[in-house]
Structure formats: C-alpha cells, structure tokens
Amino acid sequence: MDFSLSDDQQMIQAAAREFATEVIAPAAARFDQSGEFPLDNIRKAGELGFMGIEVPEEFGGAGLDPISFSLVIEEIAAADAAHATIVSVNNSLYCNAILQFGTDAQKRQFARPIATGEEIGCYGLSEPQSGSDAGSMRTRAVLSADGSHYLVNGKKSWITSGPVARYMLLFATVDPSRGPKGVTALMVDTGEAGYLRGKTEPKLGIRASATCEVEFADCRVPVANRLGGEGQGFQIAMTVLDAGRVGIAAQAVGIARAAYEASVRFAQERKAFGSAIGSFQLIQGKLADMKCRLDAARLLTWRAAWNKAEVRKHGGRNTTEASVAKLFASETAMYCAHQAVQIHGGIGYSREMPLERYFRDAKITEIYEGTSEIQRIVIARQETGLR
Ligand code: CAA
C-alpha cells in the first residue's frame, strides 16, 4: 500500500493549486454574487490541461490518470466550487463518455475542442419530471425513414453549463415502452435548429456554474453522432455517472478542506474569555471531527479514482466505490461547512467571509449526480444483490 503521489500527480496538483489560489480564489466571491459564468478562467483552465485531464494527448487532453483528475478538482473546489462543477462535468460526464464509448472520429470531433477548453460540453439526462428515476425519461428520438438522422423532441433540465455549451451528450428514448432499454446516447451540436435554451436556474449555491433547461423541437441529430448502439444509452449514462461521482466527491473534499482550514486559522487567532478559541474543548472537538471526516472522504475519493483506472484496465464496474466516495464526501462537505459557520459565529454568517458560500455550495454535492438517497440505494443494491 502506497499513499504517495507520483511526480506527474504532484506536478498537476501544484499547478492546480497555483491556478486556484492566484486566479480563482480572488474572484470567487464576485462570481458568486454576480452569477456570471467564468468563461475566461475556464479557457485558462483548458490551456493548463484541466478541461480534459484524462483525455489522451492525441485528442487534445493532458493524458493523465483519475487520481490527477481528483487532485485538480479538489484544488479548484477549495477555491471555488462553481468553477469545480464546470471543470468536473466537462471532464467526467462529458469527456469520459466519448473516450469510453465513442469512435476515434467522435473523439476528434466532440472531445478534442472540449478537452482543450476551446468549447464546453454538457450532459443531458434529467428532465422536469424525471431526476432520480432517470430511466423514465420522455425525450424522444425518432429515426428518420432513410435512417440518416434522429428527430429529437422533449425537454431536459438542470443542465450544467447548458447556457454556454457547444455540445451536449444527450440521452433520449427511441421507445418509451422499453424503459431504460430504449435510452440512446446522442452527441448534439447546440447550434442546430430546434435546440432551444430555456431559463437559467437561480440557484442557492455554485451560482457561477450556469444551469438551464433545454428544449428540443424537431432537432435533427445525424445517426453518426450516436454514441454506442440504440438502447445502450442508459448503461452509458450510468457508467459515466460512476466517473462523475468521483469528481463530485473530489469537489466535496475541496469544499470541506476550505471550510476546515479556515476554521483552524480562526480558532488559532480568535480570542474569547482571554484565550484563543481553539484552546476550548468544544471547538477542539469540532475541529477533530472535521479533520477525521475530511481525511476519510479524501481517502475514499482516491480509492474510487484508483479503482476507476483499474476498471478501465481490467473491466468491471466502479459503482460501489464511486457512490461510497460521493455519499461520504458530500455529507462531509455539508458537515464541515456547517461546523465552520458555527465556529466563526456571526462573521461566519456574513458575506464578508467565504464560510456562508461554502455552506451554500456544499449542499448541491448531496443532490446532483445522484442524491444521497440514490447513492444509498446504489450501494445497498450492489452489496446485497437485491432490488
Ligand atoms: N454501470 C453500468 N450499468 C448500470 C449501472 C452502472 N453504474 N447502473 C445500472 N446499470 C444497468 C443495469 O445493469 C441494468 O442493465 P440490465 O437491465 O441489462 O441488467 C440497467 O442499467 C438498468 O438498471 P436498473 O434496473 O438498476 O435501473 P433503475 O431504473 O432501477 O435505476 C438508479 C437505477 C440507480 C436509480 C439510476 O436511475 C440512477 O442512478 N438515478 C440517479 C440519476 C442521477 O444521478 N441523475 C443525476 C443527473 S446528472 C446531473 O446531476 C447533472 C449535472 O450536470 C451535474
């Protein structure tokens, strides 16, 4: 057992930390308040190789491993969770799908411009009436009589980066009566007629990560843009979520770390009743519990990232490891952000400090890419073999 990072991993971690502390952190509060999409920073992240970390160099990426991906996301999230959402979805839900299920031509067309950061990708699974029950989607893809394209109609919701994305990995059903077995994955150019961006969601946290609805009204998608076979889409969606959940776990670790580190500093500096508050046992108890959960969350995230690479080499699924990491890390982020606000007292509740932002941002990690309730279902089903 070796917990040390390789030279490549240490290098990308240091590069991400520098970018996060020098570029993202100073602007994080401004982006949170304005809700503006941080396009320039995302382009810079692309130049540094952060938008396609695991994408091979021949397709425009950095060609690194899943641990490197987790390290980058943790660093970015410790500065600003909204930036981390954009980077994580681009890498894990979007690029991973094309890498694993796309042809070389699809990798060149749809992964390269996204991995370099020139364009942004998004993932379209949820619908207004189907979030957790993803298999019951209604968005319909009908094959044309000449078999050259699909005509897509329906509505997708909660699309991360939807307002700015150039391409969407869309899941639509070719036959709703088949449930998950009718779901088909299509790469959609968002410039096509019939791709209509809807309202941008006003959110509690990760406000600079733009999220919107998308409506499809007779949108034509060439058959050549199908990822995998007809009916393979649900398996693709779930496999990719197994990768995405490692990203959200790393994001949650970053938020938890930021909350914890701010709390340690405050506990050392803030005096009450003649002593630094960190010398009081009630504060010490909070810090110790935060530290234990933070370390455990990071180790579970690294295990899931490591196992993702093993699964890629040897086959199998990373479902349990990813869900365990996502569940534990997101609840840790919420716990640490909550404790951090409490330790800081009044100033923790103020917008003068980033604690209240960590608190708002942490919440989404328990919701997107599968709620904590869904993660528990996934884990229990995997462990028992029961449904
Ligand atoms: N890997 C590969 N295949 C998988 C799989 C996985 N992780 N999970 C399920 N499958 C396969 C199953 O083996 C099954 O195949 P067979 O029929 O051939 O055996 C098929 O998929 C259907 O599986 P289930 O019967 O288990 O499907 P279900 O309808 O009971 O749903 C679920 C399972 C776990 C609840 C699933 O619907 C789920 O994960 N829901 C949550 C969806 C989610 O995370 N949404 C978030 C949207 S993305 C997002 O948040 C936006 C963003 O931009 C950040």
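Residues numbered from 1 in each chain as written. Predicted model: local features only at pLDDT ≥ 70, side-chain atom pairs only at ≥ 80, totals over all residues. Heavy atoms only, no water.

Attention now moves to the nonpolar core. Formed by 47 residues in total, the largest nonpolar core has its most connected members in Leu287, Met290, Ile343 and Tyr358. Counting residues per element, the ones that place at least two in this core are helix H1 (7-34), helix H3 (66-79), helix H4 (81-101), helix H6 (233-269), helix H7 (281-314), helix H8 (319-344) and helix H9 (355-365). With 13 residues, H6 is the largest single contributor of residues to this core. Both domain 1 (7-120) and domain 3 (234-384) contribute no fewer than three residues apiece to this core. When neighbours within four sequence positions are excluded, Leu287 is seen to be in contact with Tyr260, Ser263, Val264, Ala267 and Ile343. (Core = buried A, V, L, I, M, F, W, Y, C linked by side-chain atoms within 4.5 Å. Buried < 20%, exposed > 50% of the residue type's maximum accessible area, 1.4 Å probe, protein only. Helix = DSSP H or I, 4+ residues; strand = E, 2+ residues; numbered from the N terminus. Domains from an automatic or database assignment. Contact = heavy atoms within 4.5 Å.)

Turning next to the packing of H6 against H8. When two helices pack together, their arrangement is given by the angle between the helix axes and by the axis-to-axis distance. Between H6 and H8, the shortest axis-to-axis distance is 7 Å and the interhelical angle comes to 25°. Looking at the two axes, H6 sits roughly parallel to H8. Considering how the two elements wind past one another, H6 and H8 form a crossing that is left-handed. Among the residues forming the contact of H6 with H8, the class breakdown is 18 nonpolar, six polar and three charged. (Axes fitted to C-alpha atoms, helices over the stretch in contact; angles between N-to-C directions. Parallel < 35°, antiparallel > 145°, perpendicular 65-115°, else oblique. Left-handed = near helix turned anticlockwise from the far one by under 90°. Nonpolar A, V, L, I, M, F, W, Y, C, P; charged D, E, K, R; others polar.)

Reported here for the second largest pocket is a volume of approximately 330 Å³. Lining the second largest pocket are Met1, Asp2, Phe3, Ser4, Leu5, Gln9, Asp65, Ile67, Leu299, Trp302, Arg303 and Trp306. Here the residues of the lining of the second largest pocket are counted per class, giving seven nonpolar, two polar and three charged. Domain assignment of the residues forming the lining of the second largest pocket places at least three in each of domain 1 (7-120) and domain 3 (234-384). (1 Å grid on protein atoms, 1.4 Å probe; cavity = no way out; pocket = protein on both sides within 12 Å on 5 of 7 lines; lining within 4 Å. Points joined across faces, edges and corners; volume = space filled by probe spheres on them.)

Under the definition given, this model contains 21 salt bridges. Linking Arg207 and Asp32 is a salt bridge whose minimum nitrogen-to-oxygen distance equals 4.0 Å. Of the two residues, Arg207 is situated in the loop between strand E6 (195-200) and strand E7 (211-222) and Asp32 in helix H1; the sequence distance between them amounts to 175 residues. One salt bridge connects Arg360 with Glu356, and the closest N-O pair in it is separated by 2.8 Å. Of this pair, Arg360 and Glu356 both sit in helix H9, four residues apart, which is roughly one turn of that helix. Of the two residues, Arg360 and Glu356, neither departs from the other in class, the shared state being buried. What emerges from the salt-bridge pattern is a single network uniting Arg17, Glu74, Glu75, Arg257, Glu261, Lys291, Asp295 and Arg298. (Salt bridge = Lys/Arg side-chain N within 4 Å of Asp/Glu carboxyl O.)

Its domain assignment divides the chain into domain 1 (7-120), domain 2 (122-231) and domain 3 (234-384). Summarising the inter-unit geometry, the C-alpha centres of domain 2 and domain 3 are found 30 Å apart. With 15 residues of domain 2 at the interface, the matching set in domain 3 holds 14 residues. In total, domain 2 and domain 3 occlude about 1,100 Å² of area from one another, counting both sides; carbon and sulfur atoms represent 75% of this. The largest share of the area that domain 2 buries against domain 3 comes from Tyr123, Leu204 and Ile206, three residues that together contribute 41% of it. Counting across the domain 2 and domain 3 interface gives zero salt bridges. On the surface where domain 2 and domain 3 come into contact, there are three residue pairs in polar contact (both at pLDDT 80 or more). Class assignment of the residues belonging to the side of domain 2 that touches domain 3 gives a composition of ten nonpolar, four polar and one charged. (Buried area = accessible area lost by both parts, 1.4 Å probe. Polar contact = N/O pair within 3.5 Å; in protein donor to acceptor, adjacent residues only side chain to side chain.)

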